[in-house]
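Okay, here's what each chain looks like letter by letter:
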Amino acid sequence: MTGEAIAFYVLAAITLASGVVVVRSPNIVHSAVALIPAFLGVTGVYILLGAEFVAGIQVLIYAGAITVLILFVIMLTEGGTGLRLRQVNEQETIGAMVAGVIAALLVVGITRTGWHAGMGALPAYTPGAIGQSFLGPNLLVFEGTSIVLLVSLIGAIIIARKEE
Amino acid sequence: MPWYLELLRAIAGTILIFSGVAVVAAMFGVLLERKISAWIQSRLGPKHVGPQGLLQTIADTLKLLQKEHIVPRNADPTIFASAVLVVPLAALLDYVVIPFGTAGGGRPLIFRDLNIGVLFFAATSALVVVGILMAGWGSNNKYALLGGLRSASQMVSYEIPMGLALITVAMLAGSLSTVKIVDAQAHWWYVVEQPVAFVIFLIAATAEVNRVPFDLVEAESELVAGYFSEYTGMRFALFQLGEYGEMFAMAAMAVTLFLGGWRGPVLPPVLWFVIKLYALIFVFMWVRWTLPRFRIDQLLGFSWKVLIPVALANLVVTAYVVMIVQR
């Protein structure tokens, strides 16, 4: 087994184990904190794939900002912390079965497909290429996303300042 | 190089950074802080342990190592214990991309010259706040929780102007790699071209490391010690290590981005780096012991209403100038 494969399996184990904690923990703060190793595991996979820029953004945005905001909101919410919450309802068994079947289908599908390996070389330095594609071929999508963000920003301000 | 050698090298590098940061940043930093604060306040400061009190922090560390670990009865044991690891770890990760100087033949002394260096720095320094929030919540103490919440809002707000200052420099150098940014400052330092970004970076860095005038997180007259009120012994020392490690990392990044890194005449590059680093550390300490503390609303208002617009305007003007020069 190569070092890359070992690294992948370690990262996958970290991601999956923390993912299980996220959905199973009775304590909502534990769930939120367990998101961080899950995000960092995905970051490691990005690095293995040579997508360093995406990996950096993943840590900065997801592990650094989104998790902090989730924790922040939980801690500001009355009754959000210190309670033992059940994360499942009476449909737990059916849900688990459906999830298991989907996972099995995905595994079979991915392993049975003949993937085209080694198509072209990886770009050496990605941030420049990402910027070029944002302001070149994907300009419309990029601007559309920024409008969506602007609208949600304004919406958040309006909701927050309603009382005035 | 086979992967297990890479792994061994990474472990050796980690031990090297950890001990280096523990001795240079935390131990010497605390001593320097006490000496400079004493000088500013017309006191003598530590004087008895070793020549001129030089061994005072070593004595303090030995004392802290022997202290009992106290975990509050209602604390969350897992989060309480793991928060201690997150804060110093996130601070230590910053050092991976900092070029300390050049070895023989002009090869930069750096652990990894990542081509996303500046982004990596921003990402790892953002992880500190996770540890602070975990410590604040896990302690199950109102002062600690308040400190953690203040820290979250403060660090999320000040990451934005800091990121904008980083982007401005990266845009001028045309690279995110710290070594390439230092190389781009061969003619003049970026502090000359980008004084606004430099000032913004220093202010945001002070806020990110929770120092006066932005130390709302651990304001001792309001919150005892903020998020680490409940920590004792070596755990307390690890938080201190994380804070001082983060402060030295911020100063080292400011040196790399704005003060030409290891560049300078006559003296060897590593020495130049250390001189610039300690000059900035002195500025941080000078500010801490001469300015009063902000209120939390002033603090957040300053970031969102002053720093971010100024940093954005600076970014747009720089982008425009870079485009014109390139044409």
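Since the structure is predicted, the reported quantities are computational estimates derived from the model, not experimental observations.

**Considering the overall build of chain A**
Helix and strand counts for chain A come out as 6 helices and 0 strands. The order of helices and strands in chain A, counted from the N terminus, is α-α-α-α-α-α. The proportion of buried residues among the 164 residues of chain A is 21%. Of the contacts made within chain A by residues no fewer than 6 positions apart, 58% connect residues no fewer than 24 positions apart. Of the roughly 11,500 Å² of accessible surface on chain A, 73% is carried by carbon and sulfur atoms.

**What to know about helix α3 (residues 77–93) of chain B**
Residue and element names in this part refer to chain B. Between the first and last C-alpha of α3 there are 25 Å, a value that for 17 residues agrees with the 24 Å anticipated at 1.5 Å per step. Ala-83 marks the point of greatest bend in α3, at about 25°. Those residues of α3 not exposed but buried are Ile-79, Phe-80, Ala-83, Val-84, Val-87, Pro-88, Ala-90, Ala-91 and Leu-92.

**Some points on helix α11 (residues 269–290) of chain B**
The end-to-end C-alpha distance of α11(B), which contains 22 residues, comes to 32 Å, matching closely the 32 Å that a straight helix rising 1.5 Å per residue would cover. Buried residues of α11(B): Trp272(B), Phe273(B), Lys276(B), Leu277(B), Leu280(B), Ile281(B), Phe284(B) and Met285(B), and no others.

**Brief notes about the packing of helix α4 (residues 117–138) of chain B against helix α10 (residues 233–258) of chain B**
A pair of packed helices is characterised by two quantities: the angle between their axes and the separation of those axes. Residues and elements named next belong to chain B. One way to put it is that α4 packs onto α10 with a least axis distance of 12 Å and a crossing angle of 160°. Regarding the angle of α4 to α10, the classification is roughly antiparallel. Crossing handedness for the pair α4 and α10: left-handed. Mapping the contact onto sequence places Val-118, Phe-121, Ser-125, Val-128 and Ala-135 in α4 and Phe-239, Glu-246, Ala-249, Met-250, Met-253 and Leu-257 in α10. Classifying every residue of the contact of α4 with α10 gives 9 nonpolar, 1 polar and 1 charged.

**Topic: the pattern of salt bridges**
All names here are of chain B. Within the structure shown, the criterion is met by 3 salt bridges over all chains. Ionic pairing is found between Asp-60 and Arg-34, a salt bridge with its closest N-O pair at 3.3 Å. Of this pair, Asp-60 sits in helix α2 (residues 56–66) while Arg-34 is found in helix α1 (residues 3–40), placing the two residues 26 residues apart along the sequence. For Asp-60, a relative accessible area of 21% puts it in the partly exposed group. The partly exposed category is assigned to Arg-34, whose relative accessible area is 34%.

**Digging into the environment of Leu133(B)**
With respect to the helices and strands, the residue Leu133(B) is situated in helix α4. Separated by 13 residues in the primary sequence, Leu133(B) and Leu146(B) place their C-alpha atoms 9.5 Å from one another. The residues contacting Leu133(B), other than those within four sequence positions of it, are Val68(A), Leu71(A), Met75(A), Gly148(B), Leu149(B) and Ala152(B).

**Structural notes on the environment of Leu54(B)**
Along the chain, Leu54(B) turns up in the loop between α1 and α2. For Leu54(B), the contacting residues outside a window of four places in its chain are Phe28(B), Leu31(B) and Val49(B).

**Description of unusual backbone geometry**
Phi is positive for Ser42(B), which is not a glycine, with a value near 55°. Looking at the secondary structure, you find Ser42(B) in the loop between α1 and α2.

**With respect to the UniProt feature "transmembrane region" (unreviewed entry) in chain B**
All names here are of chain B. Those residues carrying the UniProt feature "transmembrane region" (unreviewed entry) are residues 12–32, 118–139, 160–182, 188–207, 244–264, 270–287 and 299–325 in this numbering. Secondary structure within residues 188–207 divides into 85% helix and 0% strand; the distance between the first and last C-alpha atoms comes to 28 Å. As annotated, residues 244–264 has a helix share of 71% and a strand share of 0%, and its two end C-alpha atoms lie 26 Å apart.

**Thoughts on the interface of chain B and chain A**
Counting residues at the interface gives 23 residues for chain B and 26 residues for chain A. Here chain B packs against chain A, burying approximately 2,200 Å² in sum over the two surfaces, 81% of which is carbon and sulfur. It is Asn115(B), Leu119(B) and Trp137(B) that lose the most area in chain B upon contact with chain A, and together they represent 24% of the buried surface on that side. For the pair chain B and chain A, the interface holds 0 salt bridges.

**Some words on the packing of aromatic side chains**
Residues and elements named next belong to chain B. All told, the structure shown has 13 aromatic pairs over all chains when counted by the stated rule. Where Phe-201 meets Phe-258, the ring centres are 5.9 Å apart and the plane angle is 50°; that geometry is what we call tilted. With Phe-201 in helix α8 (residues 195–208) and Phe-258 in helix α10, the pair connects residues that are 57 residues apart, well separated along the chain. Judged by its relative accessible area of 0%, Phe-201 falls in the buried class. Taking the relative accessible area as the measure of exposure, Phe-258 reaches 0% and is therefore buried. Their ring planes at 75° and their centres at 4.7 Å tell us that Tyr-231 and Phe-239 sit as a pair that is edge-to-face. Residue Tyr-231 is classed as buried on the basis of its relative accessible area, which comes to 4%.

**Notes on the nonpolar core**
All names here are of chain B. In terms of nonpolar packing, the biggest core is built from 108 residues, with Phe-201 and Leu-257 touching the most fellow members. The element best represented in this core is α4, accounting for 16 residues. Each residue touching Leu-257, except ones within four places of it in the same chain, is listed here: Val-118, Leu-166, Val-169, Ile-181, Gln-185, Tyr-190 and Phe-201.

**Regarding the side chain of Ser177(B)**
Residues and elements named next belong to chain B. Of note, Ser-177 is situated in the loop between α5 (142–173) and α6 (178–183). Classification of Ser-177 as buried rests on a relative accessible area of 2%. Beyond its immediate chain neighbours, meaning those up to four positions away, Ser-177 contacts Asp-113, Leu-114, Asn-115 and Gly-117.

The rules behind the values
Residues numbered from 1 in each chain as written. Chains lettered and ligands numbered in written order. Predicted model: local features only at pLDDT ≥ 70, side-chain atom pairs only at ≥ 80, totals over all residues. Heavy atoms only, no water. Helix = DSSP H or I, 4+ residues; strand = E, 2+ residues; numbered from the N terminus. Buried < 20%, exposed > 50% of the residue type's maximum accessible area, 1.4 Å probe, protein only. Contact = heavy atoms within 4.5 Å. Areas by Shrake-Rupley, 256 points an atom, 1.4 Å probe, with all protein chains shown as cover. Expected span 1.5 Å × (residues − 1). Bend = angle between axes of the 7 residues up to and from the residue. Axes fitted to C-alpha atoms, helices over the stretch in contact; angles between N-to-C directions. Parallel < 35°, antiparallel > 145°, perpendicular 65-115°, else oblique. Left-handed = near helix turned anticlockwise from the far one by under 90°. Nonpolar A, V, L, I, M, F, W, Y, C, P; charged D, E, K, R; others polar. Salt bridge = Lys/Arg side-chain N within 4 Å of Asp/Glu carboxyl O. UniProt positions renumbered as here; feature names shortened; annotations may be inferred. Buried area = accessible area lost by both parts, 1.4 Å probe. Phe/Tyr/Trp six-rings, centres within 6.5 Å; stacked < 30°, edge-to-face > 60°. Core = buried A, V, L, I, M, F, W, Y, C linked by side-chain atoms within 4.5 Å.

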